[in-house]
Amino acid sequence: MPISLTQLNTDEILRYMGTPPDQAGAELRALAEECARDILAAARPRWAYRVFDLEFVPEGVRLGGALLLPGEDLKRHLAGCGRGVLFAATLSAQADGLIRRAESRDMLRALALDCAAAAAVEELCDQIEGELQGQFPGCFFPFRYSPGYGDLPLSLQGPLLALLDAPRKIGLCASAAHILTPRKSVTAILGVSDTPVNQTARSCVGCPAQSGCQYRKSGGHCGIS
């Protein structure tokens, strides 16, 4: 199921840059719009997914009776869900390369490109989530949940990618420090319930891991805010 990125929200890019959209000058807005076009031209969106039965155990949640996703936050988040869809998505290495080249010449442009790529990853995940929800008519879904959010550790990145065969299928790997490469990528779990679920707020502000979030430290985000 191919996903195409054709447009990005300039206001969202400006917010990632730390500028309230209504306070952005014409020059900065023009830069954000230009960098959005550059990221869209460079990105090669790819994604992979698998559906698993969920098993709730005292330590957390198991995917397909095998891989343990430890912690209480995800366990509460997926309450009532009998299945979960694990997916991984990436803009591919071209977007990373575009940002790196800009870093050696113009740091403001590099920042704008990085923020445009963050907005592109969010848009990609939104589209994927819509595609996946369409495969489960009549079901209900809490928001997608990624390693690094709440008490779900980043160390799961490698095992989750292995379950998806993501290194081979979409060229997505995890470093020894559990950072996804290419960087403009996301792994996430989407719960699937046969009955209505309680939607909770999703934001960096409300995340229990905000102060120590590795995504925020590296200039990115987990893909659910």
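Our structure is the block above this text.
Reading the values: the criteria
- Residues numbered from 1 in each chain as written.
- Predicted model: local features only at pLDDT ≥ 70, side-chain atom pairs only at ≥ 80, totals over all residues.
- Heavy atoms only, no water.
- Core = buried A, V, L, I, M, F, W, Y, C linked by side-chain atoms within 4.5 Å.
- Buried < 20%, exposed > 50% of the residue type's maximum accessible area, 1.4 Å probe, protein only.
- Helix = DSSP H or I, 4+ residues; strand = E, 2+ residues; numbered from the N terminus.
- Contact = heavy atoms within 4.5 Å.
- Pairing = 2+ DSSP bridges.
- Phe/Tyr/Trp six-rings, centres within 6.5 Å; stacked < 30°, edge-to-face > 60°.

Caption draft 1: Focus on the nonpolar core. Within the largest apolar cluster, 43 residues are counted, with the highest numbers of intra-cluster contacts made by Ile13, Ile39, Leu91, Leu113, Leu124, Ile128 and Leu132. Of all elements in the fold, only helix 1 (10-16), helix 2 (26-42), strand 4 (83-90), helix 4 (93-103), helix 5 (107-133) and strand 7 (185-192) reach the threshold of two or more residues within this core. If you tally residues by element for this core, the top one is helix 5, at 13 residues. Not counting the four nearest positions on each side in its chain, Leu124 is found in contact with Ile3, Leu5, Pro45, Ala89, Thr90 and Leu91.

Caption draft 2: Region of the structure containing the pairing of strand 3 (residues 67-70). Pairing between strand 2 (residues 60-63) and strand 3: 4 bridges, direction antiparallel. The residue of strand 3 that forms the bridge with Val61 is Leu69. In this structure, the hairpin formed by strand 2 and strand 3 is closed by a connection of 3 residues, where Gly64 is found at a positive phi of approximately 60°.

Caption draft 3: Representation of the packing of aromatic side chains. Applying the stated criterion across every chain, the model contains 3 aromatic pairs. Relative to Tyr149, the ring of Phe143 lies with its centre 6.3 Å away and its plane at 90°, an arrangement referred to as edge-to-face. Using a relative accessible area of 5% as the deciding quantity, one classes Phe143 as buried. Ring centres 5.0 Å apart and planes at 90° place the aromatic pair Tyr145 and Tyr149 in the edge-to-face group.

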